[in-house]
Amino acid sequence: MTSQLPALVTVLTLLLLFATLTMVGRARSRYGIKAPAISGDPAFERVWRVQMNTLESAVMFIPALWLAAQYADPLWAGIAGLIWLAARIWYALAYSRDAARRGPAFLLSLAAWAALMLMAAGGIGLAIMENNAP
Amino acid sequence: MTSQLPALVTVLTLLLLFATLTMVGRARSRYGIKAPAISGDPAFERVWRVQMNTLESAVMFIPALWLAAQYADPLWAGIAGLIWLAARIWYALAYSRDAARRGPAFLLSLAAWAALMLMAAGGIGLAIMENNAP
Amino acid sequence: MTSQLPALVTVLTLLLLFATLTMVGRARSRYGIKAPAISGDPAFERVWRVQMNTLESAVMFIPALWLAAQYADPLWAGIAGLIWLAARIWYALAYSRDAARRGPAFLLSLAAWAALMLMAAGGIGLAIMENNAP
């Protein structure tokens with residue numbers, strides 16, 4: 001299980017991206033916002049921002065997850081990844097209801113991402129020092 | 001060829017992203033939409049949405065392609081990847097002319113992506129079971 | 001150091017994405033643009049476009065960096081990656097002040113990306129020919 005955890009978390013992240021895309025499609029028909037428009041109703045705009053913010057954060061997350069798995073530890077990277085994923089689901093649900101409530105979920109996802117970045121940076125730093133050791 | 005197919009499909013996907021970015025740049029000058037504006041003419045907005053939708057779908061596609069190649073089979077992953085790529089080129093051409101015509105190309109790209117996700121999920125599931133076998 | 005350079009460049013790219021996200025958050029409060037709005041003040045819109053353009057280009061960059069590292073050379077890929085990174089930092093600073101000044105930084109980042117794509121395509125082409133050799 002351990003070594004497959006980052007792969008599993010990645011698959012679940014791609015499903016989350018697909019879910020936010022589906023939410024935008026449904027909001028388009030519910031609020032009558034025809035493509036290519038991306039504004040016209042605050043409820044539609046929130047759902048669209050959820051999709052974009054999830055996309056932005058996934059681009060920051062997936063490479064961090066794999067670098068942490070590769071250079072530090074796949075189990076701990078996977079656990080931080082699961083926390084990030086739970087925080088992003090919470091964020092999507094909270095923001096699509098009320099923009100003012102997106103803060104705590106965002107901060108939790110940021111903390112999980114920061115943990116992955118520290119694992120990655122620490123692991124890469126160690127690998128560089130070992131390679132340069134006399 | 002087989003084992004380089006996912007790499008080749010990835011290079012072609014990056015070229016598609018570059019092509020959609022170039023389309024937005026040309027549409028900016030053709031329709032007189034100066035940066036940072038992203039609205040003002042429906043034809044410009046369609047091309048901008050093509051770029052954003054291609055970006056969103058590429059973020060979902062590239063990890064799915066490589067997980068399917070790694071955990072299932074690089075040849076079948078590469079073939080599904082080529083179908084996705086053809087569907088996204090069709091989508092870009094259809095949507096930039098008429099937003100109402102983007103449906104079929106979107107569904108084909110979605111089917112190719114779903115095939116990659118099933119390969120990836122199946123392969124990861126098998127790997128987890130084998131690791132946990134007594 | 002050589003073989004860890006692409007990993008290091010990736011970590012720095014993720015930090016750049018985080019920096020552009022932070023710039024948008026600060027611009028939201030400075031110019032009073034409440035989420036989910038993404039327009040209302042040209043200075044806010046420039047910072048938001050910087051974030052989106054950095055995201056787009058990072059999605060094109062990270063896979064190109066790793067394919068070039070894998071199929072050509074990690075040192076040269078890492079050097080092209082550092083040039084891309086410097087160009088994108090220059091782009092973010094220039095565009096957030098004045099949209100008309102984003103051109104030269106964009107072209108430099110494009111040249112670095114093109115170099116990575118040529119390394120990747122060349123390396124993949126060689127690998128395909130070697131596999132098919134009689």
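From a predicted model like this one, the values you see are computed outputs, not experimental measurements.

Where do I start with helix α1 (residues 5-31) of chain B in this structure?
Note: α-helices contain 3.6 residues per turn, so residues at a spacing of three or four share the same orientation. When the terminal C-alpha atoms of α1 of chain B are compared, their 39 Å separation across 27 residues agrees well with the 39 Å that a helix rising 1.5 Å per residue should span. Once α1 of chain B ends, the next one or two residues include Gly 32 of chain B, with phi positive near 65°.

Help me out: how do you make sense of the interface of chain C and chain A in this one?
Think of interface size as the accessible area that goes away when the parts come together; that is how it is often given. With 23 residues of chain C at the interface, the matching set in chain A holds 28 residues. Together, the buried faces of chain C and chain A total about 2,100 Å²; carbon and sulfur atoms form 79% of this surface. Three residues stand out in chain C for area buried against chain A, namely Gln 4, Leu 14 and Pro 36 of chain C, and they jointly supply 27% of the buried area on that side. Joining chain C to chain A, the criterion identifies zero salt bridges. Across the contact surface, chain C and chain A share two residue pairs in polar contact (both at pLDDT 80 or more). For the side of chain C that touches chain A, the secondary structure elements donating two or more residues are α1 (5-31) and α2 (42-71) of chain C.

Looking at this model, I keep getting lost on unusual backbone geometry. Mind explaining?
Of all residues except glycine, most have a negative phi; of all peptide bonds, most are trans. A cis amide bond, omega 10°, links Ala 35 of chain A with the succeeding residue Pro 36 of chain A. With respect to the helices and strands, the residue Pro 36 of chain A is situated in the loop between α1 (5-31) and α2 (42-71).

What should I look at first to understand the UniProt feature "transmembrane region" (unreviewed entry) in chain A in this one?
Residue and element names in this part refer to chain A. Under the feature "transmembrane region" (unreviewed entry), the UniProt entry names residues 6-24, 52-69, 75-93 and 105-129. Each end of residues 52-69 is marked by a C-alpha atom, and these two atoms are 26 Å apart; helix forms 100% of the span and strand 0%. For residues 75-93, the end-to-end C-alpha separation is 27 Å, with 100% helix and 0% strand making up the annotated structure.

For this particular structure, what's the right way to read the nonpolar core?
The tendency in soluble globular proteins is for nonpolar side chains to be buried side by side. If you look at the biggest cluster of nonpolar residues, it comprises 116 residues, and the most contacted ones within it are Trp 48 and Leu 116 of chain A, Trp 48 and Leu 116 of chain B together with Trp 48 and Leu 116 of chain C. Once residues lying within four places of it in the same chain are set aside, the contact partners of Trp 48 of chain C are Trp 48 and Arg 49 of chain A, Ile 38 and Trp 48 of chain B together with Val 24 and Ile 38 of chain C.

Honestly, the interface of chain A and chain B in this entry has me stumped. Any pointers?
Taken together, the 23 residues of chain A in the interface contact 28 residues of chain B. When chain A packs against chain B, the two sides together hide about 2,100 Å² of surface, and 78% of this comes from carbon and sulfur. On the chain A side of the interface with chain B, the three residues burying the most area are Gln 4, Leu 14 and Pro 36 of chain A, jointly 27% of the side's total. Applying the counting criterion to the chain A and chain B interface returns zero salt bridges. One can count two residue pairs in polar contact (both at pLDDT 80 or more) joining chain A with chain B. Secondary-structure elements contributing two or more residues to the side of chain A that touches chain B are α1 and α2 of chain A. Across the side of chain A that touches chain B, the residue classes tally to 18 nonpolar, four polar and one charged.

Is there a simple way to explain the pattern of salt bridges in this structure?
Pairs can form between side chains of opposite charge whenever their charged atoms are close. Residues and elements named next belong to chain B. Within the structure shown, the criterion is met by six salt bridges over all chains. For the salt bridge of Glu 56 with Arg 49, the shortest nitrogen-to-oxygen distance reads 3.6 Å. Judged on exposure class, the residue Glu 56 and its partner Arg 49 are both buried.

Teacher, can you tell me more about the packing of aromatic side chains here?
Any pair of aromatic rings gets described here by the distance separating the centres and the angle formed by the planes. What the rule picks out here adds up to 15 aromatic pairs over all chains. Geometrically, the ring pair formed by Tyr 91 of chain B and Phe 106 of chain B is tilted, given 6.5 Å between the ring centres and 50° between the ring planes. Pair noted here: Tyr 91 of chain B is in helix α3 (residues 74-97) and Phe 106 of chain B is in helix α4 (residues 103-131), with a separation of 15 residues, a long-range link. Take Tyr 91 of chain B: its relative accessible area is 3%, and that puts it in the buried class. For Phe 106 of chain B, a relative accessible area of 26% corresponds to the partly exposed category. Taken together, the ring pairs connect Trp 48 of chain A, Trp 48 of chain B together with Trp 48 of chain C into an aromatic cluster. The ring of Trp 48 of chain B carries Arg 49 of chain B above its face, with NZ or CZ at 5.3 Å from the centroid.

Scoring rules and cut-offs
- Residues numbered from 1 in each chain as written.
- Chains lettered and ligands numbered in written order.
- Predicted model: local features only at pLDDT ≥ 70, side-chain atom pairs only at ≥ 80, totals over all residues.
- Heavy atoms only, no water.
- Helix = DSSP H or I, 4+ residues; strand = E, 2+ residues; numbered from the N terminus.
- Expected span 1.5 Å × (residues − 1).
- Contact = heavy atoms within 4.5 Å.
- Buried area = accessible area lost by both parts, 1.4 Å probe.
- Salt bridge = Lys/Arg side-chain N within 4 Å of Asp/Glu carboxyl O.
- Polar contact = N/O pair within 3.5 Å; in protein donor to acceptor, adjacent residues only side chain to side chain.
- UniProt positions renumbered as here; feature names shortened; annotations may be inferred.
- Core = buried A, V, L, I, M, F, W, Y, C linked by side-chain atoms within 4.5 Å.
- Buried < 20%, exposed > 50% of the residue type's maximum accessible area, 1.4 Å probe, protein only.
- Nonpolar A, V, L, I, M, F, W, Y, C, P; charged D, E, K, R; others polar.
- Phe/Tyr/Trp six-rings, centres within 6.5 Å; stacked < 30°, edge-to-face > 60°.
- Lys NZ or Arg CZ within 6 Å of the ring centre and 35° of its normal.

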